[in-house]
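# Architecture at a glance
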Amino acid sequence: VQLVESGGGLVQAGGSLRLSCAVSGLTFSTYDMGWFRQAPGTEREFTARISWNGGTTDYADSVKGRFTISRDNAKNTVYLQMSSLKPEDTGVFYCAASQFYSSRLAAQYPYWGQGTQVTVSS
């Protein structure tokens, strides 16, 4: 199983980035997908998740209205569109997969990518 994130980088506050996570080695269309952020010295924290069929999404309060999670099951890829970025959004963003069911808890997800760094300057 491989989850490979991309799209991170350095952006000014107020800017936008689109993260992608390409998944292989599992039946992507049966997996809920989540995005988590980890700032230095902190635990991974929930950012957003999307159900296996894309019918349900969930966001942390801190990103609601600014971030959008989506997926393309034909491309085995999940996306995180991030807008109006703030310096406090800085961290390593990880995508994660959990079959059929997910929650906001990182421990729920058995499969993880290696992460992509997002840095928002003020």
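Please refer to the structure placed before this passage.
What comes next is a walk through the structure. The structure presented is a predicted model; accordingly, all values stated were derived computationally and were not measured.

### Digging into the overall build of the protein chain
Scanning the protein chain from terminus to terminus reveals zero helices and 11 strands. For the protein chain, the N- to C-terminal ordering of α and β elements is β-β-β-β-β-β-β-β-β-β-β. Here the protein chain has a C-alpha radius of gyration of 13 Å; the compact-globule value for 122 residues is 14 Å, and the two agree. Taking the principal axes of the C-alpha coordinates as reference, the protein chain spans close to 40 × 25 × 25 Å. In the protein chain, the share of contacts with a sequence separation of at least 24, taken over all contacts with a separation of at least 6, comes to 57%.

### With respect to the sheet that holds strand 3 (residues 17-24)
Within the open sheet, the four strands sit side by side as 1-3-8-7. Their pairing is antiparallel. Looking at which strands have only one partner, the edges of the open sheet turn out to be strand 1 (2-6) and strand 7 (67-72). Across this sheet, the average inter-strand angle for adjacent strands is 15°, counted without regard to direction. Of the strand pairs in this sheet, strand 7 and strand 8 (residues 77-82) are connected by six bridges, and their pairing is antiparallel. Along strand 8, the bridge assignment pairs Ile69 with Leu80.

### Concerning the nonpolar core
Counting 31 residues, the largest nonpolar core has Met33, Trp35, Leu80 and Met82 as its most contacted members. Elements with a contribution of two residues or more to this core: strand 3, strand 4 (31-38), strand 5 (45-50), strand 7, strand 8, strand 9 (91-99) and strand 11 (116-121). Dropping the residues within four chain positions of it, Leu80 is found in contact with Leu17, Arg18, Leu19, Trp35, Thr47, Ala48, Phe67, Thr68, Ile69 and Phe93.

### Focus: the side chain of Thr47
Structurally, Thr47 can be placed in strand 5. In this structure Thr47 comes out as buried when scored by relative accessible area, which is 3%. One polar contact links the side chain of Thr47 to the main-chain amide nitrogen of Arg37, over a distance of 3.5 Å. Not counting residues up to four positions away in its chain, the partners in contact with Thr47 are Trp35, Phe36, Arg37, Asp58, Tyr59, Ala60, Val63, Phe67, Leu80 and Phe93.

### Let's talk about the pairing of strand 4
Taking burial as the measure, the eight residues of strand 4 include seven buried ones, the bulk of the element. Sheet topology places strand 4 next to strand 9; eight bridges connect them, and they run antiparallel. By the bridge assignment, Met33 is partnered in strand 9 with Ala97. Where strand 4 lies against strand 5, five bridges are found, and the strand directions are antiparallel. Along strand 5, the bridge assignment pairs Arg37 with Glu45. Count of turn residues in the strand 4/strand 5 antiparallel hairpin: six residues, of which Gly41 carries a positive phi of about 75°.

Reading the values: the criteria
- Residues numbered from 1 in each chain as written.
- Predicted model: local features only at pLDDT ≥ 70, side-chain atom pairs only at ≥ 80, totals over all residues.
- Heavy atoms only, no water.
- Helix = DSSP H or I, 4+ residues; strand = E, 2+ residues; numbered from the N terminus.
- Rg over C-alpha atoms; globule rule 2.2 N^0.38 Å.
- Contact = heavy atoms within 4.5 Å.
- Pairing = 2+ DSSP bridges.
- Axes fitted to C-alpha atoms, helices over the stretch in contact; angles between N-to-C directions.
- Core = buried A, V, L, I, M, F, W, Y, C linked by side-chain atoms within 4.5 Å.
- Buried < 20%, exposed > 50% of the residue type's maximum accessible area, 1.4 Å probe, protein only.
- Polar contact = N/O pair within 3.5 Å; in protein donor to acceptor, adjacent residues only side chain to side chain.

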